[in-house]
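An overview of the molecular structure
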Amino acid sequence: MLFALWGVDVSLVALSWGVLIAALFRIPLLTFGPLMLLFAMTWVYTLTTRVLRSLSGRETAYAEYYRGHAFLLLLVSFCALLATMWLLLFCVGKFLIAFFAIPLVFALAAHMPLLKRIPFIKELLVSAAFVFACAVPAYYYGFRFSPLHMLFNKHLWCLIALFFLFNVIRAEKTRYPHIPGGALSLGLALVFVTSLYSILAHDAVDYEHEFYCAVCIGCAAVHVLSVLRDKYAQPLSYICSWPLMAAPSLLGVLMFAPDMWFN
């Protein structure tokens, strides 16, 4: 439970999808710096938002744990933030700030009071922030695109749709007590069919096939999570949710790694 409560699983999933997105860009080597920044920034955001939401009195998952350990969690998060800023400014390169600005804008917009009143908008913005953050190492090493190109990448928006459905299922039941099963199945079917079409397309380039295979497997993972949410106790679904989303990207890495990294 500590692994999930401290949000480490979220950062590990971000790393795995970051590597897979890099493969989509045909980048054979990612150095330690940008990946460490991706891990740290995702971890700091996840840990800080969970603690602050619990301290504000909202009924979130395991709010009592976060309130009881608020000082320690915020202290660790602050130290990680300082280390991240040092790494960003003095070790990796300031140019990464421009790329991380895109997911940061989406992450901040997800907490705006006016937008939070719109159903499902928070889950959409958080999903976009997560996926765009995962894409930062690939864009940083691609040397071909500006940060704004992330906003118009169709592959990333397909992945955002998958994580949107994932975040809707993981949302607190007080926010969405009754998620229509038909609507969820329709959303998963649309993402799956779109990905399957991209796999079968003859004009697919680079490693799009492997990327969309991972998205299709992710649809199955989200379906499994929906079953866990409705039939099993909260701890099981809480522990298994993010690792389930890591499995598709790891399988995607295995699909492209033999001919891309080991030759």
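Described in the following lines is the structure provided in the data block.

As a further point, take the packing of helix α2 (residues 8-24) against helix α3 (residues 32-55). Between α2 and α3, the shortest axis-to-axis distance is 8 Å and the interhelical angle comes to 145°. Taken as a pair, α2 and α3 cross one another with a handedness that is right-handed. Only Leu-35, Leu-38, Phe-39, Thr-42, Trp-43, Thr-46 and Arg-50 of α3 make contact with α2, whose side of the interface consists of Val-8, Val-10, Ser-11, Leu-12, Ala-14, Leu-15 and Gly-18. For the contact of α2 with α3, the class distribution of residues is 9 nonpolar, 4 polar and 1 charged.

Here helix α8 (residues 121-142) contains 22 residues, and its C-alpha end-to-end distance of 30 Å stays within 8% of the 32 Å for a straight helix at 1.5 Å per residue. Within α8, the axis deviates most sharply at Val-136, by approximately 35°, and proline Pro-137 lies no more than four positions further along. Burial of α8 is extensive: 20 of the 22 residues sit out of reach of the surface.

Right, let's get into the packing of α2 against α8. Two numbers describe a pair of packed helices, the interaxial angle and the distance between the axes. One way to put it is that α2 packs onto α8 with a least axis distance of 8 Å and a crossing angle of 50°. One element, α2, and the other, α8, form an angle in the oblique class. Between α2 and α8 lies a crossing of right-handed hand. In this structure, α2 uses Val-10, Val-13, Ala-14, Trp-17, Gly-18, Ile-21 and Ala-22 to contact α8, whose residues at the interface are Phe-130, Val-131, Cys-134, Ala-135 and Ala-138. Residues of the contact of α2 with α8, tallied by class, amount to 11 nonpolar, 1 polar and no charged.

The subject of this paragraph is the environment of Phe-130. For Phe-130, the location among the structural elements is in helix α8. Judged by its relative accessible area of 9%, Phe-130 falls in the buried class. Residues Phe-130 and Pro-103 lie 27 residues apart in sequence; the distance between their C-alpha atoms is 6.8 Å. Not counting residues within four places of it along the chain, the set of residues in contact with Phe-130 comprises Val-10, Val-13, Ala-14, Thr-42, Phe-163 and Trp-242.

Turning our attention to a nonpolar patch on the surface. The grouping of Phe-78, Leu-81, Leu-82, Met-85, Trp-86, Leu-89, Phe-90 and Ile-97 at the surface amounts to a nonpolar patch, some 800 Å² of accessible area in total. It is helix α5 (residues 70-92) that provides the largest number of residues to the nonpolar patch, a total of 7 residues. By secondary structure assignment, the location of Leu-82 is in helix α5.

Look at helix α9 (residues 154-170): 24 Å from first C-alpha to last across 17 residues, which is about the 24 Å you get at 1.5 Å a residue. Counting buried residues in α9 gives 12 out of 17 residues, a clear majority hidden from the surface.

Further remarks concern the packing of aromatic side chains. Counted by the stated rule, this structure contains 14 aromatic pairs. For the pair Phe-166 and Trp-242, a centre-to-centre distance of 4.8 Å together with 75° between the ring planes defines the contact as edge-to-face. Of this pair, Phe-166 sits in helix α9 while Trp-242 sits in helix α12 (residues 234-260); the two residues are 76 residues apart in sequence, bridging distant segments of the chain. Considered together, Phe-166 and Trp-242 belong to a single accessibility category, that of buried residues. Ring pairs connect the aromatic residues Trp-17, Phe-130, Phe-163, Phe-166 and Trp-242, which therefore count as one cluster.

Moving on, we get to the environment of Ala-98. Mapped onto the elements of the fold, Ala-98 is located in helix α6 (residues 96-109). Judged by relative accessible area, Ala-98 falls into the partly exposed class, the value being 33%. Residues Ala-98 and Val-136, spaced 38 residues apart in sequence, show a C-alpha to C-alpha distance of 9.6 Å.

Scoring rules and cut-offs
- Residues numbered from 1 in each chain as written.
- Predicted model: local features only at pLDDT ≥ 70, side-chain atom pairs only at ≥ 80, totals over all residues.
- Heavy atoms only, no water.
- Axes fitted to C-alpha atoms, helices over the stretch in contact; angles between N-to-C directions.
- Helix = DSSP H or I, 4+ residues; strand = E, 2+ residues; numbered from the N terminus.
- Left-handed = near helix turned anticlockwise from the far one by under 90°.
- Contact = heavy atoms within 4.5 Å.
- Nonpolar A, V, L, I, M, F, W, Y, C, P; charged D, E, K, R; others polar.
- Expected span 1.5 Å × (residues − 1).
- Bend = angle between axes of the 7 residues up to and from the residue.
- Buried < 20%, exposed > 50% of the residue type's maximum accessible area, 1.4 Å probe, protein only.
- Parallel < 35°, antiparallel > 145°, perpendicular 65-115°, else oblique.
- Patch = residues over 30% accessible without salt bridge, like charges linked within 9 Å, V, L, I, M, F, W, Y side chains within 5 Å.
- Areas by Shrake-Rupley, 256 points an atom, 1.4 Å probe, with all protein chains shown as cover.
- Salt bridge = Lys/Arg side-chain N within 4 Å of Asp/Glu carboxyl O.
- Phe/Tyr/Trp six-rings, centres within 6.5 Å; stacked < 30°, edge-to-face > 60°.

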